[in-house]
Amino acid sequence: MYGEKSVELVREASRAFDNLQPFNEDLVRQSLEETKLLYEMNRKHVEENGDTMTPSMIYRHAAVERNKRCILAYINARMEKIRNMRWQFGAVLPADIKGNLCEPEQHFFTKYNRLLVNYMSSVGTDITEDLSPPRNLYVDVRVKQDYGELELPDGQVIQLKAGTQYHLPRNLCEQLIYQGVLEH
């Protein structure tokens, strides 16, 4: 039946709600090939019969439109997840997530990141810093891995060594917590 591969793409996108699976290039390619085949069948039908509309031609056209919508829904769902990951993880994606992106998606992430950075520099503030209002301005953190020096707003420099604990300003720690350097 026409459209099964395309519908499977939509199912895959909805199943992977909170994580990003590797780009399913095979299903996308099969859906595109089916769409091209249906389009060619309709084109030949028009060449042979003129502008006469038949139920089979309308059915094939509807299948082409459905395939297009499903493929675009799959790609849009992945782009939305990639945009959300920029806000969640920052400018650098974890290696396991980055490995699941195809080359155009990596390019999209880079361009989206650049666009966001340009906007933040034009307004003069980091809009990714506090996504929700903080309960406390300072947090207790434990260093999970050696990081090196961190300069505090008052000019004090501290060494972030694995196993040490600090009471630090939330805005300095948030990115390091997301990167896995600190634990809250």
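Up top is the structure.
Summary of the structure given here. (Residues numbered from 1 in each chain as written. Predicted model: local features only at pLDDT ≥ 70, side-chain atom pairs only at ≥ 80, totals over all residues. Heavy atoms only, no water.)

### What about the pairing of strand E3 (residues 157-160)?
Residue alternation in E3 divides its side chains into a buried set, Ile 158 and Leu 160, and an unburied set, Val 157 and Gln 159. Here strand E2 (residues 148-151) folds back onto E3 in antiparallel fashion, the turn holding 5 residues, of which Gly 155 has a positive phi close to 95°. (Buried < 20%, exposed > 50% of the residue type's maximum accessible area, 1.4 Å probe, protein only. Helix = DSSP H or I, 4+ residues; strand = E, 2+ residues; numbered from the N terminus. Pairing = 2+ DSSP bridges.)

### Notes on a nonpolar patch on the surface
Judged by side-chain polarity, Tyr 119, Val 123 and Ile 127 come together as a nonpolar surface patch covering roughly 260 Å² of accessible area. Inspection of the secondary structure assignment puts Tyr 119 in helix H5 (residues 103-123). Taking relative accessible area as the criterion, Tyr 119 reaches 47% and is therefore assigned partly exposed. (Patch = residues over 30% accessible without salt bridge, like charges linked within 9 Å, V, L, I, M, F, W, Y side chains within 5 Å. Areas by Shrake-Rupley, 256 points an atom, 1.4 Å probe, with all protein chains shown as cover. Salt bridge = Lys/Arg side-chain N within 4 Å of Asp/Glu carboxyl O.)

### Side note on the pattern of salt bridges
Scanning the entire structure with this criterion turns up 10 salt bridges. Salt-bridge contacts for Glu 80 lead to Arg 83; the nearest nitrogen and oxygen are separated by 2.8 Å. Here Arg 83 and Glu 80 lie together in helix H3 (residues 55-89), a separation of 3 residues that amounts to about one turn. With relative accessibility at 36%, the residue Glu 80 sits in the partly exposed group.

### As for the sheet that holds strand E5 (residues 182-183)
Strand order across the open sheet formed by 3 strands is E4-E1-E5, with antiparallel pairing between neighbours. Since the sheet does not close on itself, it has two edges, and those belong to strand E4 (165-169) and E5, each with one partner. Relative to E4, strand E1 (residues 138-143) runs antiparallel, the two sharing 5 bridges. Looking at the pairing, Asp 140 lines up with His 167 of E4. Most of the contacts of helix H6 (residues 170-179) go to E4, to which it runs at about 120°, and overall it touches E1, E4 and E5. (Contact = heavy atoms within 4.5 Å. Axes fitted to C-alpha atoms, helices over the stretch in contact; angles between N-to-C directions.)

### Some points on the pairing of E2
Looking at chain direction, E2 and E3 are connected through 4 bridges and run antiparallel. Across the sheet, Glu 149 pairs through a bridge with Gln 159, a residue of E3.

### Looking at the nonpolar core
Within soluble globular proteins, side chains that are nonpolar generally end up buried alongside one another. Membership of the largest hydrophobic core is limited to 12 residues, which are Val 139, Val 141, Val 143, Leu 150, Leu 152, Ile 158, Leu 160, Leu 168, Cys 173, Leu 176, Val 181 and Leu 182. Secondary-structure elements contributing two or more residues to this core are E1, E3 and H6. Broken down by element, the residue count for this core peaks at 3 residues, all from E1. In contact with Val 181, other than residues within four places in its own chain, are Arg 142, Val 143, Lys 144, Gln 145, Tyr 147 and Leu 176. Core analysis: the next-biggest nonpolar cluster, separate from the first, contains 9 residues, Leu 20, Met 79, Met 85 and Phe 89 among them. (Core = buried A, V, L, I, M, F, W, Y, C linked by side-chain atoms within 4.5 Å.)

### Overview of helix H1 (residues 4-15)
With 12 residues, H1 ought to run about 16 Å at 1.5 Å a step, and its terminal C-alpha atoms sit 16 Å apart, in line with that. Those residues of H1 that sit buried are Ser 6, Val 7, Leu 9, Glu 12 and Ala 13. Elements that come into contact with the buried residues of H1 comprise helix H2 (25-49) and H3. (Expected span 1.5 Å × (residues − 1).)

### Remarks on H2
Note: α-helices contain 3.6 residues per turn, so residues at a spacing of three or four share the same orientation. Over its 25 residues, H2 extends 36 Å from the first C-alpha to the last, a length consistent with the 36 Å expected when each residue adds 1.5 Å. Along H2, the positions that sit buried rather than exposed are Leu 27, Val 28, Ser 31, Glu 34, Thr 35, Leu 38, Asn 42 and His 45. Against H1 and H3 lie the buried residues of H2. Following H2 by one or two positions, Gly 50 has its phi on the positive side, about 75°.

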